[in-house]
Amino acid sequence: MSKNTVSDRFRKVDVDEYDENKFVDEEEGGENQLGPDEAEVDSLIRQGNLMGALQAVLKSPPINTKNQNVKDRAEGLVLKVLSSFKSTDIEKGVQSLDKNGVDLLMKYIYKGFERPSENSSAVLLQWHEKALSAGGVGCIVRVLTARKTV
Amino acid sequence: MSYHSFLLEPISCHAWNKDRTQIALCPNNHEVHIYKKDGNNWSKIHVLKEHNGQVTGIDWAPESNRIVTCGTDRNAYVWTLKGDVWKPTLVILRINRAARCVKWSPKENKFAVGSGSRLISVCYFEQDNDWWVCKHIKKPIRSTILCLDWHPNNILLAAGSCDFKCRIFSAYIKEVEEKPAPTAWGSKMPFGEVMFESTGTSGWVHGVCFSDSGNRVAWASHDSTVAVAEGGKTAVCASLTSETLPLLCVTFITENSLVAAGHDCYPVLFVYDSNKAAMSFGGKLDVPKQSAQKGMTARERFQNLDKKATTDSKEAVLESVHKNSISQISILNGGKAQCAKFCTTGMDGGMAIWDVKVLSIVKHVRVQMQ
């Protein structure tokens, strides 16, 4: 074998980066998106106004931002609100959302599935069942096909 | 409504002749089979073998009786009937990926081919050289073109692409036609000009369709949405998210109503209200057979609970006519303005013909005629 075939560093090169026809998503300004307001949501939970907390936490989702911390914080906040609902109230919570709200809720649910913690999967599965009956399979398809997600 | 099962394999694409007595379809291989209606049966009368790859698009020009086919072998052929045999003519498309869809223009002097090469080849016949020539529309397409539809003025072309956009291009070829009159989509139409580009929906655009007047365009996208845009000073878009699996094909049946079908295996009606610029769901168009409700024994309930963790007695059998996704829909009678019958073919190898009048009576579905 000749000398220049010994090294295999070429295998670690990401050739897609050099493809001039590579598809790049359109950049939409996401620097100002901070996610839902933590203070507002926390106070609503403490007051026991869970419906209000749900509406508040689904406002201004950090969809366009590239800052991973903002996204993680938003996901944690949503999980807190979802866990504080009683099982019997989940259906009413889902009913109070409009179509876009249900789609957004489903996005957060799947994001929550990605990193399961102590009790999160059980709670998320209950919410998933109710959101599915409200949004149908189409809602899940939109989670899968969304280019920018929470 | 009638259903005929042609094959066990999917029907990749189909096209009807002018009087709807013959259908040309691709049985998921390199050939095109032409079937002729024989009373209640269909008999195969021609087999067109020329492609080296799967045939992905077929279109049959009604007036000039020519068939154009395109395939994954990066070629397109124009077939003319000489006596009793279909003779192919190769068209050089100058693409380096598979061709995905092909459509004759309304005047049948051009056809457009969408391909994986991220461009549309608009082909026309050059009399001097006795040869089909093509021009490319490249910018700003960034991914495979999945579907095409021509505007009735023979110039504008709607294209749905995997870069999540539906666009209307001008395919004006000065060698074969006059300068076009202004339309709702704009007045300056040099070749390749983008007259409209969609925003708002994400997901690959599987099916696109102009309305009969050409003032509206509808598209079905992979994020389970269907949208309609109306041309004007500023194009008005209305989209509807659905709760079902993505739709693969869409067509106007009147100026205000669309029928679409896809992975849920049944056609669906949508109604567009131009005053509110909004779309609404009009109903499922499938006529399910009334299956007898069998009672479940306690043993069956326990077995269901054990196997499927549910005591639901719904069987895992599709109640729709098509048993697999519907991939293409075509208008049989009445045109896009007053469609009376349309046809669907799918991945179950079957073809169903739907009668709009019967459907609107049976399903209490109001199809708005205008």
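Residues numbered from 1 in each chain as written. Chains lettered and ligands numbered in written order. Predicted model: local features only at pLDDT ≥ 70, side-chain atom pairs only at ≥ 80, totals over all residues. Heavy atoms only, no water.

Q: Looking at this structure, I do not really get the overall build of chain B. What am I missing?
A: Assigned secondary structure in chain B consists of two helices and 28 strands. The C-alpha radius of gyration of chain B comes to 21 Å, within 12% of the 21 Å expected for a compact globule of 370 residues. Each principal axis of the C-alpha distribution contributes one length, and for chain B these read about 80 × 50 × 35 Å. In chain B, 48% of the contacts between residues at least 6 apart in sequence involve partners at least 24 apart. Looking at chain B as shown, the accessible area adds up to about 17100 Å², and 49% of this sits on carbon and sulfur atoms. (Helix = DSSP H or I, 4+ residues; strand = E, 2+ residues; numbered from the N terminus. Rg over C-alpha atoms; globule rule 2.2 N^0.38 Å. Contact = heavy atoms within 4.5 Å. Areas by Shrake-Rupley, 256 points an atom, 1.4 Å probe, with all protein chains shown as cover.)

Q: In this structure, what is going on with empty space enclosed by the protein? I would like to understand it.
A: Left-over empty space is what a probe sized like a water molecule reveals as it rolls over the atoms. All names here are of chain A. Within the structure shown, the criterion is met by one cavity of 30 Å³ or more. Put simply, the largest cavity is a space of about 30 Å³. L34, G35, P36, E38, V70, R73, A74 and L77 together form the lining of the largest cavity. If one sorts the elements of the lining of the largest cavity by residue count, helix α3 (residues 68–84) sits on top with four residues. In the lining of the largest cavity, the residues fall into five nonpolar, one polar and two charged. (1 Å grid on protein atoms, 1.4 Å probe; cavity = no way out; pocket = protein on both sides within 12 Å on 5 of 7 lines; lining within 4 Å. Points joined across faces, edges and corners; volume = space filled by probe spheres on them. Nonpolar A, V, L, I, M, F, W, Y, C, P; charged D, E, K, R; others polar.)

Q: What exactly am I supposed to notice about the nonpolar core here?
A: Side chains of nonpolar character tend, in soluble globular proteins, to be buried together. A:L54, A:V81, A:L82, A:L105 and A:W127 are the most contacted members of the largest nonpolar core, which has 33 residues in total. Membership of the second largest hydrophobic core comes to 20 residues, among which are B:A158, B:C162, B:M195 and B:V205. (Core = buried A, V, L, I, M, F, W, Y, C linked by side-chain atoms within 4.5 Å. Buried < 20%, exposed > 50% of the residue type's maximum accessible area, 1.4 Å probe, protein only.)

Q: Just checking my understanding: could you explain helix α5 (residues 99–114) of chain A for this structure?
A: Residues spaced three or four apart along an α-helix point in a common direction, a consequence of the helix completing one turn every 3.6 residues. Between the first and last C-alpha of α5(A) there are 23 Å, a value that for 16 residues agrees with the 22 Å anticipated at 1.5 Å per step. Tucked into the core, α5(A) has its buried residues touching α2 (50–57), α3, α4 (90–95) and α6 (120–145) of chain A. (Expected span 1.5 Å × (residues − 1).)

In short, the description is geometric, and any link to function would need to be established separately.
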